[in-house]
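Below are the chains, spelled out letter by letter.
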Protein chains: 2
Amino acid sequence: MSDHETRQEGEESLDTDLKKVGFQGGSAGLRALLEGVVAAPEGLDPDAWLALVGDPPLPADLKAKLRALKADMASALPPSFAATPENAAGRLAALRAELARRGLGGFLIPRADEHQGEYVARRADRLAWLTGFTGSAGLAVVLADTAAVFVDGRYVLQVRNQTDGALYQPQHLIEAPPQDWIAAKLPAGARLGFDPWLHTDAQAAALEKAAEKAGGELTACDDNPLDAVWADQPPPPLAPVVPHPLELAGESAADKRKALAEAMSAKGADAVVLSLPDSIAWLLNVRGADVPHVPLALSFAILHGDGRVDWFIDRRKFTPGLAAHLGDQVAVHPPEALGPVLDQMGGEGRAAQADPATAAAWIFERLESAGAEVIKASDPCQLPKAKKNPVELDGARQAHRRDGVALTRFLAWLSRKVGEAGDNIGISEIEAADRLAGFRADSGELRDLSFDTISGSGPNGAIMHYRVDEKSNRRLGRGELYLVDSGGQYADGTTDVTRTLAIGTPTAEMRERNTRVLKGHIAIARARFPRGTAGSQIDSLARLALWQVGLDYDHGTGHGVGSFLGVHEGPQRISKAGSGTALEPGMIVSNEPGYYKEGAYGIRIENLVTVVESGKQPGEEKDMLAFETLTLAPFDRALIDAALLSGEETAWVDAYHARVRETLSPLVDQETAAWLAEVTRPLTA
Amino acid sequence: MSDHETRQEGEESLDTDLKKVGFQGGSAGLRALLEGVVAAPEGLDPDAWLALVGDPPLPADLKAKLRALKADMASALPPSFAATPENAAGRLAALRAELARRGLGGFLIPRADEHQGEYVARRADRLAWLTGFTGSAGLAVVLADTAAVFVDGRYVLQVRNQTDGALYQPQHLIEAPPQDWIAAKLPAGARLGFDPWLHTDAQAAALEKAAEKAGGELTACDDNPLDAVWADQPPPPLAPVVPHPLELAGESAADKRKALAEAMSAKGADAVVLSLPDSIAWLLNVRGADVPHVPLALSFAILHGDGRVDWFIDRRKFTPGLAAHLGDQVAVHPPEALGPVLDQMGGEGRAAQADPATAAAWIFERLESAGAEVIKASDPCQLPKAKKNPVELDGARQAHRRDGVALTRFLAWLSRKVGEAGDNIGISEIEAADRLAGFRADSGELRDLSFDTISGSGPNGAIMHYRVDEKSNRRLGRGELYLVDSGGQYADGTTDVTRTLAIGTPTAEMRERNTRVLKGHIAIARARFPRGTAGSQIDSLARLALWQVGLDYDHGTGHGVGSFLGVHEGPQRISKAGSGTALEPGMIVSNEPGYYKEGAYGIRIENLVTVVESGKQPGEEKDMLAFETLTLAPFDRALIDAALLSGEETAWVDAYHARVRETLSPLVDQETAAWLAEVTRPLTA
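Reading the values: rules and limits
- Residues numbered from 1 in each chain as written.
- Chains lettered and ligands numbered in written order.
- Predicted model: local features only at pLDDT ≥ 70, side-chain atom pairs only at ≥ 80, totals over all residues.
- Heavy atoms only, no water.
- Helix = DSSP H or I, 4+ residues; strand = E, 2+ residues; numbered from the N terminus.
- Rg over C-alpha atoms; globule rule 2.2 N^0.38 Å.
- Buried < 20%, exposed > 50% of the residue type's maximum accessible area, 1.4 Å probe, protein only.
- Contact = heavy atoms within 4.5 Å.
- Areas by Shrake-Rupley, 256 points an atom, 1.4 Å probe, with all protein chains shown as cover.
- Lys, Arg positive; Asp, Glu negative; His and termini not counted.
- Charge placed at Lys NZ, Arg CZ, Asp CG, Glu CD.
- Pairing = 2+ DSSP bridges.
- Axes fitted to C-alpha atoms, helices over the stretch in contact; angles between N-to-C directions.
- Polar contact = N/O pair within 3.5 Å; in protein donor to acceptor, adjacent residues only side chain to side chain.
- Parallel < 35°, antiparallel > 145°, perpendicular 65-115°, else oblique.
- Nonpolar A, V, L, I, M, F, W, Y, C, P; charged D, E, K, R; others polar.
- Phe/Tyr/Trp six-rings, centres within 6.5 Å; stacked < 30°, edge-to-face > 60°.

1. Examining the overall build of chain A
Broken down by element type, chain A carries 23 helices and 28 strands. For chain A, the C-alpha radius of gyration of 26 Å lies close to 26 Å, the compact-globule estimate for 685 residues. Principal-axis analysis of the C-alpha atoms places the extent of chain A at approximately 75 × 65 × 60 Å. Per-residue burial for chain A yields a buried fraction of 55% across its 685 residues. Across chain A, contacts joining residues at least 24 apart in sequence account for 71% of those joining residues at least 6 apart. Per element, the accessible surface of chain A, about 27,000 Å² overall, is 51% carbon and sulfur. Side chains of chain A give 70 positive and 95 negative charges; the mean places of these two sets differ by 3 Å.

2. Quick look at the sheet that holds strand 6 (residues 217-220) of chain A
Residues and elements named next belong to chain A. One open sheet holds the six strands; their spatial order is 4-3-2-1-5-6, and the pairing between them is mixed. Edge positions in the open sheet fall to strand 4 (169-172) and strand 6, since each of these has one partner strand only. Going across the sheet, the axis of each strand differs from the next one's by a mean of 25 degrees, ignoring polarity. Of the strand pairs in this sheet, strand 1 (residues 106-110) and strand 5 (residues 191-194) are connected by two bridges, and their pairing is parallel. Residue pairing in the sheet places Phe107 in a bridge with Gly193 of strand 5.

3. What to know about the side chain of A:His555
Residue and element names in this part refer to chain A. Within the secondary structure layout, His555 lies in the loop between helix 21 (544-547) and strand 22 (558-560). At 2.8 Å, the side chain of His555 forms a polar contact with the side chain of Tyr596. What His555 contacts, discounting residues up to four positions off in sequence, is Met464, Arg543, Glu592, Gly594, Tyr596 and Arg604.

4. Details of the sheet that holds strand 3 (residues 147-151) of chain B
By definition, the strands of a sheet pair up through backbone hydrogen bonds, in either a parallel or an antiparallel sense. Residues and elements named next belong to chain B. Spatial ordering of the open sheet is given by 4-3-2-1-5-6, a layout of six strands whose pairing is mixed. Strands with a single pairing partner mark the edges of an open sheet, and in this sheet they are strand 4 (169-172) and strand 6 (217-220). Across the sheet, the mean angle from the axis of one strand to that of its neighbour is 25 degrees, orientation sign disregarded. Where strand 5 (residues 191-194) lies against strand 6, four bridges are found, and the strand directions are parallel. Within the sheet, the bridge partner assigned to Leu192 lies in strand 6 and is Leu218. Those strands touched by helix 8 (residues 201-213) are strand 1 (106-110), strand 5 and strand 6, and its axis lies near 140 degrees from that of strand 6.

5. A word on the packing of helix 17 (residues 390-420) of chain B against helix 23 (residues 670-679) of chain B
Residues and elements named next belong to chain B. Relative to each other, helix 17 and helix 23 sit at 85 degrees, their axes nearing to 9 Å. In terms of orientation, helix 17 lies roughly perpendicular with respect to helix 23. Residues Thr408, Arg409, Leu411, Ala412, Ser415 and Arg416 of helix 17 lie in contact with helix 23, whose contacting residues are Glu671, Thr672, Trp675 and Leu676. For the contact of helix 17 with helix 23, a count of residues per class yields four nonpolar, three polar and three charged.

6. Regarding the packing of aromatic side chains
Tallied over the entire structure, the rule returns 26 aromatic pairs over all chains. Here the aromatic rings of A:Trp197 and A:Phe300 are separated by 5.4 Å at their centres, their planes lie at 50 degrees, and the arrangement is tilted. With A:Trp197 in the loop between strand 5 and helix 8 (201-213) and A:Phe300 in strand 10 (residues 300-304), the pair connects residues that are 103 residues apart, well separated along the chain. The exposure class of A:Trp197 is buried, given its relative accessible area of 19%. Ring plane angle 55 degrees and centroid distance 6.2 Å describe the contact between B:Tyr595 and B:Tyr601, whose orientation is recorded as tilted.

Keep in mind that these numbers describe shape and distance, not what the molecule does.
See below:
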C-alpha cells in the first residue's frame, strides 16, 4: 500500500473508533479539537483532555492512538512563540506593513485577552510574540516610525533584557503612561488602531483622549491586524470543562443565579453581561483549564432577570455530564453568537449591565449601537464569590491541612539536606521548587500549582516577582536567606504561602528584620475590627514595626484568594490604596508583609486568613470581626529574635506553632513529625 | 428748632466730621456702611469697624456719634432671623406664592453661601430664616404641596426640635438623599428652581439628574426667590479687611502668586477662579471678619498666569494701608464685576480653571456660555496653604503656648472650684465655657474663638457636636465627666484642644475607656511613617485600643487646621475614608480620638500636631515623617489607668507632661504653677 493509502486506511479506522465512543466530526474534527487541546496548558493530568473525545473509559488502543496524535501535534509547535532577537524585527516590519495596508498610523498590543485575566492562553500572548517581553502585564504601542513597550516597576529590568532597544523604547507604565507618549508621538491626522476586545471600556476612553490630544483618532479594528501576520497563531484553547460539585461549591448554581438575578432586577437591569471567566465559573459551578494555574473556562455569559443564563462557549470543551449539571436554565451558544444576542437585547431596548473596569470595550460598543440601555456597574459575581460559604471554608481548611503537610515535609527535607551538606549545599532554586511541587503532588489531590513558584535564594529573594529560570537559577548558599512563595490548586481550595528560611546561620540584621516582618504579620493575624472596616484601614498595622526603623515594603499586605479559582481575586484587599470594599466574614485574604534588601536578601511571611465574626463580649458595642489563619506551616525560628516580640506576640507564635504541630503531626511521617515538634516548641522555652 | 431741623443739622455736622476724616459718601453712605457692619459678626473688638470710616485715631466725639448710630441700627435688628413656630408657616406660604409667580414647581434652599464655607453671614442664613433649623449643614426642598429638610446624623434631633413637622418632613441627608426624594416627589413637567450661586458644580449636576428622573427639570434662578420675600434680609457683611503681615505669613503674597501662577501655566490654564475666601486670604496675605470664627473676607479672585490678581470685593471693607499692602499687581473690582470679567475671559477663549467641588455652579455656567475653555481642577491654594512654612509654625507654637496658659489656668480654676464645692458644684456648662473664653481673652491677643466652645457635662458630653444653650445647659455634676472642646484665633495661629475631666471620682469604666482613648491618641502622636503616607492609612492606630474591646467612635481622628484661618481645613485629614492626600511636613492636623456612651458621658482627647521630618537614622531606607505635638495642656490623671499603658506609652505621657510643665510654669501664676506641677508629675511616681 502506498503511504497515502495507509494514511487513508488509518483515518477510516480512526473514524470508526471515534464513532463508537460517540465523537462527532470524525478525524478532521479530531484534528481541530487537538489543535485547541495543544493550545491549552499541559496541566498535571496529561490524559484529562481524553474526556473531550468520549465517555471514559475509552478503549486502550484508541487512547494510545489519540495520545500519539496529540504528541505529534504538540511536537510541531515551537517551545515558545515569544519573539527572539532573530525574528523580532521581521515581525514588527510585517505588522507595520499590515497597518499601512489598513491605513492605520499605529496599533496597540496589550498583554491581555478578551477577559482581562491575569493569565492568558498562548493564542493571546500577542505582546510576547511581537516584542519578546513575557511579563504578565504590559502594552506595546507601534507607530509607523517608532514603538514603545510600557511595563510597571517590577518588569523594568526584564523588558530591557527581552526586547530589542533599537525596535522598542522601554517605558514605565505608571511614571510615563502610554497616554502621554501617544499624545506626544502620534502624528496629527493619524488613525491609531486598537482591538476593542482587548481593552476595557475605561481603557479605551483614556486612549481615545490621548489620540485626540495628538490630533489623531482612535479606531476600533474589526479584526486584529497582528493576528493577520501571526501565521502560526494557535486557535483558542480547548480544555475540559467539568462540574464543580455542590459538595465543594456549597451553593447550587440555580440558587446563585436566582439571588443575583433578583438583586439585579431590583436595581433596574434586565440582564448582566459577564466577561470574567472566574465569575462565570463561580456562578455556574464549573471549572476549566484554558489558562495556566486558574481553573477557568474562557467564555462569556449573560444572566437574565429570571435567573436564566446564556452561556457563550465552545461546546467541544464540555465533558460528559456537564450539560446535565448545567440544567435547562443555562442555554449554551457558540462564542460567535454573543454579538447577535447583544444586538437582540438592544433591539428590544433592554437595560444591560456590564462592568466598565473589566469588560471589553467591544461589548459596550455593541450594546450601545444596538440601542440597549447600558448600565455601567461592577461585576455582580465578584462580591458574593469573595464571601466564601461554610462549605467552601471547610474545603479551604482541608486544602490547607493537605498543603501544610506538603510544605512541612519540604521544610523538613530542606532542613535535613542543609544540615547534612557541607559548605556547598548543592540545591538549586529550580530543584527546590520542583521538590516542593512533588510534595504537593504526593497528596494525589493537586490539580495545578496556583502560580509559578517564587524560589529565590540570596539576592534573588529581594526581587519581588522573581520567577526562576535556567539563567537566573542559583544554588542555596550558607549564610543566605531563601524565600519560597508557592501554592496549590485543589478541588476544595486554593493555597498561597510564603516562608523565609535561614540557610545556615543568619546575621543579626536578618533576624531583626525578619522579626519585624513577623510582628507585622502577627498584627494582622490578631487584628479585631468593626464590621465595615476596609482592608486599607488596617494595612498600616503590618508596617508599623518596620516604620519604626525607617523600613517598608513596596507591595500590598494582602490580596483576595478564590475557592479553587484565582489565587488573586477581588474586590477585597489589604493595601495602602483603598478599594473601599469592607472585609466581610468568609472572605479569604493573604497576610504577607515583607522586607527586601536589594542585592542581598528578601523576607516575606505569608499565611492566608479568612474573616470571621469575633463575637460581642459583654460590654462591647460594635459588631467585631477578626481573622482565622488558614495556612499551617512553621516559621523559621532561627530568624525570630524573641526579645523583639511582646508577650502577646510570643504567645501568638507559640499558639500558632502548637496548632500547626497538633494538626499536621498525625499526617506526616515520623521523621518529619520529630522535626516539626522541634521547630514548633515554645519560643521562650 | 423742630425735630426735623435738629436731625438735619445733626446730619450736616456729621457730614462735615466725616469729610474731615476722609470718609466718602456722607451720612447716607455711612448708613449703608453701618447696615453692612451690623450684618457682620460682632467680634471681640467692638470698635474694629471704626477703621472703615477713617484713619485712626478718629476724634473722640465722632467715635461716640458713630458708636451710637451703630448701636441704634443694631438694636433695630431681630436677635435672630430664624423662623419661629409663629411665623414659619407664613414665610413658607410667601415663598410658595413667589415660586408660583415665577412658574416654578419647587425651590432648593441649602445652608450655604456663594463660597461654601463652614460659617455663613447672617444674610445667607436662608435655611434658618425659612425653616427655623440653625444647624451648620442642611438643605430644604420646597415643592408646591410638600417640603422637606435634609440633615445629617448629628442634626436629626435638632431638626425635629426646630422645625414644624406639619410644614417640613425631616429627612436624613445620607440615608435618604434629596436626589431620591426629588426624583420621587417632583411632579412631571415641573421646573425645580435653584440658586446657582449656592450650589457647587458637582451638586447642581446631581440635582439635575434627580429632576430629570422625575420628568421635570432643574432651572437656575437669576435672583433668589427667597430673597424676594425676606423683607428684612441683611445686606452682605462689611467687616474690616486687614493685612496679614509678612512676619506672620512667612511668605509674601507676591511670591505665593508667582509660584502658583507658574504651576498653573505649566498645566495649561491661563487663569484660575478662586471662590474660597480662605484661599484668597492665604494668597493675598489678608484677613477679614465677615463670618463668625474664621478671619476671612467674603470675595472672589482670579489669579492670572503672570501672577496678577483681579480681586472682587466691596472696597468699603478696606482698612487704611490695605491697598498699599496689596500692591499694584492686585486689581480691586466690585463684586458685581466678576461676571463681565468671566465673559471677557470667555470671549478671548482663555483656559480658566475652577474647582467643581467648591466653586458655585454659576461660575462654570458663566465661563462655559462665554466660550472659555473650562478646566475643572481642585483649588490650587489648598495644598500650599496646608503646608505651613517655618514662620507660620513658629507662630503656631507661640499661639499654643499662649493658649496652653489659658487652658491650664482654666483647668486649675475648675479643679479648685470642684475641690472647694460640696455636692453641688454650681458651675454650669455656659459658665465654664465663658470662664475659659475669659482666660483666653486675658492674653490680650485673642481675636476670636475658633469655634463655639463644646462644653458638655455628663450625657451632654456624649453628643458629638454639642452646643450648649440656655435650654440644654447643665451643671457640672460630681461623679460625672466634663468634656470641653475649644480653641482660639490668634494672629499667629489657630488652636483647637479638647480635654475630658473627671468631676470628683470617676468610675473604673470611665478610667478604662479614657485610657483606651489616650492610647489611641498616643499611637498617633508617636507614629512614624514614610513620606507619601495618607492620613487614612494611620487612622486605625487611634482606634486599635478601642477595637480590642469592641468599641469605636463615629468621627474622624483628625482634621487640618489653618494658620489664623479656618479651624477645619483640607485637603489632609486622618479618617477612615481616605482623601488620598499625603501628610506632608508643615501640615497641622488634630489628633482627637474619642469614645461616647450615649446618655452617660463623652470622652475626647485632642491635641493639634504638625507633621515633621523624622530624620533618617543609620540603616534606615525610607524618608520618614512624624508628628510634633503643638498643644500644651495636662491630661486629667484621675482618668488614666497606668496599668493599661505600655512602658512606651507611659514614657510618652510623662515626657509630654514634663514639657507642658516646663513650658507653661514660668507663664502662669504661682497657684496655677503649683497645681500644674502636681498634675504633671510622672504617672508611675
